[in-house]
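# Working through the structure, step by step
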Amino acid sequence: MGFSSVDTIWVLLGAALVFFMQSGFTMVEVGLTRNKNTGNLVMKNLMDFCIGSLAFWFVGFGIMFGGDGSLFGAFDFFVQGNYDGKFGAFPGYAFLIFQTVFCGTSATIISGAMAERTKFSAYCIYSLLMSMIVYPVSGHWIWGRGWLWELGFHDFAGSTAVHMAGGVAAIVGAKILGARIGKYDAKGNSRAIPGHSLSLAALGVFILWFAWFGFNGCSTVSATGDDTLASMSKIMVTTNLAAAAGALACMCLTWLAYGRPDVSMTLNGALGGLVGITAGCDAVTPAGAVAIGLISGIILYYGIEFVDKKLRIDDPVGAFGVHGICGAVGTVLTGVFAIDGGLFYGGGFNMVLIQALGSLSVAVWVAAAMGMVYLVIDNTIGLRVSPSEEIMGLDIEEHGIASDYPGFLADGGHSAVVGGAPAGHAPDYADAQPVARGESPARSGVKLTKVEIITRPEKFAELKIALHAAGITGMTVTKVMGCGVQRGISEYYRGVEVAANMLPKICIEIVVAKVPVRAVIDAAKKVLHTGRIGDGKIFVYDVENAVKVRTGEEGYDALQYTN
């Protein structure tokens, strides 16, 4: 048969735009996590597409499109069948690359929810199986003329087929994997672990928003005929309106709840609106798209809060809220707002029920299949890195890079004054008694000594407890980079050893007066000593004087609490 040049170019353009979404997902995940894991997330987003491309070509495409069975396509290894013209007026290879990038999108969603504590080797394995088997099976039900297609299930560009599938796989993995260290306190209360770059996260969202015009618009897989041209144009409009409405809904909700508009949640709101409209972007009016976007943004906000604070599942970037929840909600709402057969247009509940059944069926399949994959991996090579590797960061432990930002301090080089409360919180002085102002250090005869401890970040929690037991209630902690005479752990860039091997460390500064210096040193040595290179150093200095700026007190008195 003859191919349409316009249709072929339209499909290939869509493939290029959807591929570009990989960079958007990478930027969002990197921006909303800590910089000590940047290189690891870049590698995961790169390799899930590389592995997924090969796996989908090897067997996934055949499972999804190789036959007309209700549950399964066929084993068409390396796509040997002739698909020219089967799905439109374009070559089979155009359709292959178009579907490959959609498969890659579903697989890459998982990395965000399981970020900062997953082994790279484990990620490669489950990404392979997601792209090769799990995604193609449920994709066949919807787009490969399987049983959901026969029922009339409508998922135009993949709210369920792509996004909800990825979101469900992500939440199951995050549950089995467990939360990041420090995410929840002893009572189960959620603690914020901010990402290191809202700029990168925003860039990622804008890239995804831009590429989504290809994700939805090019899913017509045709650009000929007046009806198709009108549909393409409307799809672009509904896609944009839903994203805008989702962002607006999240912004308003966070403004009301937190007293100020939250940036990261608003960014997620735009993505939630995009995911929500993907199923019905061709079937609803612009007003319907706004409604779907608003509802998606609202449910996204409460969904992320519920997962984090009630279910206590640690999802660093909100992947399940954006893709899992909004994917399912948008699919069901298509049955409400679709012009042809929707509930609000006289179609009754039939389409709503079919849409709900389709989303539920895919969720059950993906959860069961990927849950089994995760458990097998966890009981063989292990899903999660060790606690020390997690604290140090996956960049240095998995890839041998101390920082993705050479020349800058790890995590921004933040400092914190720490008292009797956890780091980052003010000391509790409720039971403290004021100390009368005294004489200068020269007259009081109390010697001041500064103790400076430089060691590994993962030792801080244990060290702080030991120092408090020794009588130390105040300290200053700084995140630094450095190495000793051993030049640190070998770091490589493109296989070549880097000359300066700077490692993330913490510097704890303490000024003591009546607490014996030897007690401080002995407490620190007991906690820090392992006998390995990198245990750290302790420096002791004489302090001539100390002055409290607020009261003018000096010497020993400057170190005490006063009203």
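Per-chain numbering applies: the sequence of each chain, read as written, is numbered from 1 onward. Per-residue local features of the predicted model are confined to residues with pLDDT of at least 70, and side-chain atom pairs are confined, for both listing and counting, to 80 or more; whole-chain, interface and lining totals are unaffected and use all residues. For side-chain calculations, the full set of non-hydrogen atoms in the structure is used, while hydrogens and water are omitted.

### Remarks on the overall build of the protein
What the protein contains, in helices and strands, is 17 helices and seven strands. Exposed residues in this analysis have more than 50% of their type's maximum accessible area, buried residues have under 20%, and partly exposed residues fall in between, with area computed by a 1.4 Å probe over protein chains only. Looking at the protein as a whole, 53% of its 563 residues qualify as buried. Within the protein, residue pairs in contact and separated by at least 24 positions form 77% of the contacts whose partners lie at least 6 positions apart. Each accessible area is a Shrake-Rupley estimate made with a 1.4 Å probe; only the visible protein chains count as cover when residues are assessed. Roughly 24,200 Å² of accessible area belongs to the protein as shown, and the carbon and sulfur atoms make up 64% of that amount. A run of H or I in DSSP becomes a helix once it reaches four residues, and a run of E becomes a strand once it reaches two; helices and strands are each numbered from the N terminus. Every residue pair with non-hydrogen atoms within 4.5 Å of one another is taken to be in contact.

### Here's the deal with unusual backbone geometry
In this structure, Glu 116 takes a positive phi of about 75° despite not being glycine. Accessibility expressed as a relative area gives 1% for Glu 116, which makes it buried. One non-glycine residue, Arg 145, lies in the positive phi region at around 70°. Accessibility expressed as a relative area gives 32% for Arg 145, which makes it partly exposed.

### Side note on the pattern of salt bridges
In what follows, salt bridge is the name for a side-chain nitrogen of Lys or Arg lying within 4 Å of a carboxyl oxygen of Asp or Glu. The tally for this structure, following the rule as stated, stands at twelve salt bridges. Between Asp 542 and Lys 447 there is a salt bridge, with its nearest N and O atoms 3.3 Å apart. One end of the pair, Asp 542, is in strand 7 (residues 537-543); the other, Lys 447, is in the loop between helix 15 (441-444) and strand 2 (448-455), and 95 residues separate them in sequence. Shared partners join several salt bridges into a network, and the residues in it are Arg 34, Glu 116, Arg 180 and Asp 314.

### Here's the deal with the packing of aromatic side chains
The relation between two aromatic rings is expressed through the spacing of the ring centres and the mutual angle of the planes. Any Phe, Tyr or Trp ring, taking Trp's six-membered ring, that has another such ring centre within 6.5 Å forms a pair; planes under 30 degrees apart are called stacked, those over 60 apart edge-to-face, and the others tilted. Evaluated as defined, the whole model comprises 26 aromatic pairs. Both rings, one in Phe 61 and one in Phe 95, keep their centres 6.2 Å apart while their planes meet at 75°; by these two values the pair is edge-to-face. One end of the pair, Phe 61, is in helix 2 (residues 38-65); the other, Phe 95, is in helix 3 (residues 92-113), with 34 residues separating them in the sequence. Neither Phe 61 nor Phe 95 differs from the other in exposure class; each is buried. Every member of this aromatic cluster is reached through a ring pair, and the members are Phe 56, Phe 61, Phe 65, Tyr 83, Phe 87, Phe 90 and Phe 95.

### Things to note about empty space enclosed by the protein
In this analysis, the protein atoms alone were mapped onto a 1 Å grid. Cavities are point sets where a 1.4 Å probe fits without being able to get out; pockets are open sets with protein on both sides within 12 Å along at least five of seven lines; lining residues have an atom within 4 Å of a point. Grid points are joined across faces, edges and corners, and a volume is the space filled by probe spheres set on the points. Here the structure, examined in full by the defined rule, presents three cavities of 30 Å³ or more. Here the largest cavity defines a volume of roughly 90 Å³. Taken together, Phe 25, Val 28, Glu 29, Ile 109, Gly 112, Asn 268, Leu 271, Val 317, Ala 319, Val 322 and His 323 form the lining of the largest cavity. The residue classification treats Ala, Val, Leu, Ile, Met, Phe, Trp, Tyr, Cys and Pro as nonpolar and Asp, Glu, Lys and Arg as charged. All others, Gly included, are polar. Of the residues assigned to the lining of the largest cavity, the class counts are seven nonpolar, three polar and one charged.

### Brief notes about the packing of helix 9 (residues 263-278) against helix 11 (residues 319-337)
Remark: helix 9 packs on helix 11, axes separated minimally by 8 Å, with the N-to-C direction vectors making an angle of 40°. By the angle between their axes, helix 9 is oblique relative to helix 11. Note that helix 9 runs across helix 11; the crossing there is right-handed. On helix 11, the residues touching Asn 268, Leu 271, Gly 272, Val 275 and Gly 276 of helix 9 are Val 322, His 323, Cys 326, Gly 327 and Gly 330. Here the contact of helix 9 with helix 11 is composed, by residue class, of four nonpolar, six polar and no charged. Structural elements are reduced to axes, namely lines fitted to C-alpha atoms, with helices fitted over the stretch in contact, and the angle between N-to-C directions of any two is expressed from 0 to 180 degrees. These descriptions rest on fixed angle ranges, namely under 35 degrees for roughly parallel, over 145 for roughly antiparallel, 65 to 115 for roughly perpendicular, and the rest for oblique. Less than a right angle of anticlockwise turn of the near helix away from the far helix marks a crossing as left-handed, whereas a clockwise turn marks it as right-handed.

### Points about the nonpolar core
In this structure, Phe 102, Tyr 126, Met 130, Tyr 135, Trp 143, Met 370 and Tyr 374 are the most contacted members of the largest nonpolar core, which totals 114 residues. In contact with Tyr 374, other than residues within four places in its own chain, are Ile 110, Met 114, Tyr 126, Ala 169, Ala 170, Val 172, Gly 173, Ile 176 and Leu 383. The criterion is simple. A nonpolar core is a set of buried Ala, Val, Leu, Ile, Met, Phe, Trp, Tyr and Cys residues joined through side-chain atoms within 4.5 Å. In this structure, Leu 463, Ala 466, Val 527 and Leu 528 belong to the second largest nonpolar core, which totals 18 residues.

### Concerning the packing of helix 3 against helix 4 (residues 120-143)
One way to put it is that helix 3 packs onto helix 4 with a least axis distance of 9 Å and a crossing angle of 125°. For the element pair helix 3 / helix 4, the angle class is oblique. When you trace helix 3 past helix 4, the crossing you get is right-handed. Residues Gln 99, Phe 102, Cys 103, Ser 106, Ala 107, Thr 108, Ile 110 and Ser 111 of helix 3 form the contact with helix 4, whose participating residues are Tyr 123, Tyr 126, Ser 127, Met 130, Ser 131, Tyr 135 and Trp 143.

### Quick word on the confidence of the model for the protein
For every residue, the predictor reports its confidence as pLDDT, a number between 0 and 100. Considering every residue of the protein, the mean pLDDT works out to 89; 88% of them sit at 70 or more. Across residues 409-443, confidence stays below pLDDT 50; counting only partners more than four residues off in sequence or on other chains, it has 68 contacts.

### Topic: the side chain of Thr 26
Position of Thr 26 among the secondary structure elements: in helix 1 (residues 5-31). By relative accessible area, Thr 26 is classed as buried at 9%. We call two N or O atoms a polar contact when they sit within 3.5 Å, provided that within protein one can donate a hydrogen and the other can accept it, with sequence-adjacent residues counted only if both atoms are side-chain atoms. There is a polar contact of 2.8 Å between the side chain of Thr 26 and the backbone oxygen of Gln 22. Setting aside its immediate chain neighbours within four residues, Thr 26 contacts Val 42 and Asn 45.

### Details of a nonpolar patch on the surface
Note on patches: the residues involved have over 30% relative accessible area and no salt bridge, like charges join within 9 Å, and the nonpolar side chains Val, Leu, Ile, Met, Phe, Trp and Tyr join within 5 Å. Taken together, Leu 54, Trp 57, Phe 58, Leu 71, Phe 72, Phe 75, Phe 77 and Phe 78 make up a surface patch of nonpolar side chains, about 780 Å² in accessible area. Counting through the fold element by element, Leu 71 comes out in the loop between helix 2 and helix 3.

### A short note on the environment of Phe 77
Here Phe 77 is to be found in the loop between helix 2 and helix 3. Residue classification places Phe 77 among the partly exposed residues on the basis of a relative accessible area of 39%.

### Examining the environment of Ala 242
Of note, Ala 242 is situated in helix 8 (residues 226-258). Remark: the alpha-carbon pair of Ala 242 and Leu 274, spanning 32 residues in sequence, is separated by 6.1 Å. Setting aside residues up to four positions removed in sequence, Ala 242 forms contacts with Gly 273, Ile 277, Ala 289 and Gly 293.

### Comments concerning the environment of Cys 483
Structurally, Cys 483 can be placed in the loop between strand 3 (475-482) and strand 4 (492-493). Separated by 20 residues in the primary sequence, Cys 483 and Leu 503 place their C-alpha atoms 6.1 Å from one another.

### What to know about the state of the cysteines
Pairs of cysteine sulfur atoms within 2.5 Å are identified as disulfides in what follows. As enumerated under the stated definition, the model contains zero disulfides in all. As a non-bridged cysteine, Cys 124 has Cys 50 as the owner of its nearest cysteine sulfur, 9.8 Å distant. Under the relative-accessibility criterion, Cys 124 is labelled buried at 18%.

### Focus on the pairing of strand 6 (residues 503-512)
As a general feature of sheets, a regular strand has side chains that alternate between the two faces. Among the ten residues that make up strand 6, eight are buried, leaving the element largely enclosed by the rest of the structure. Here strand 2 pairs with strand 6 via seven bridges, running antiparallel. Bridge pairing in strand 6 links Thr 455 to Ile 506. Pairing between strands is defined by DSSP: at least two bridges between them are needed. Pairing analysis gives seven bridges linking strand 3 to strand 6, with the strands arranged antiparallel. Each residue of the ladder has a partner; that of Thr 478, found in strand 6, is Cys 507.

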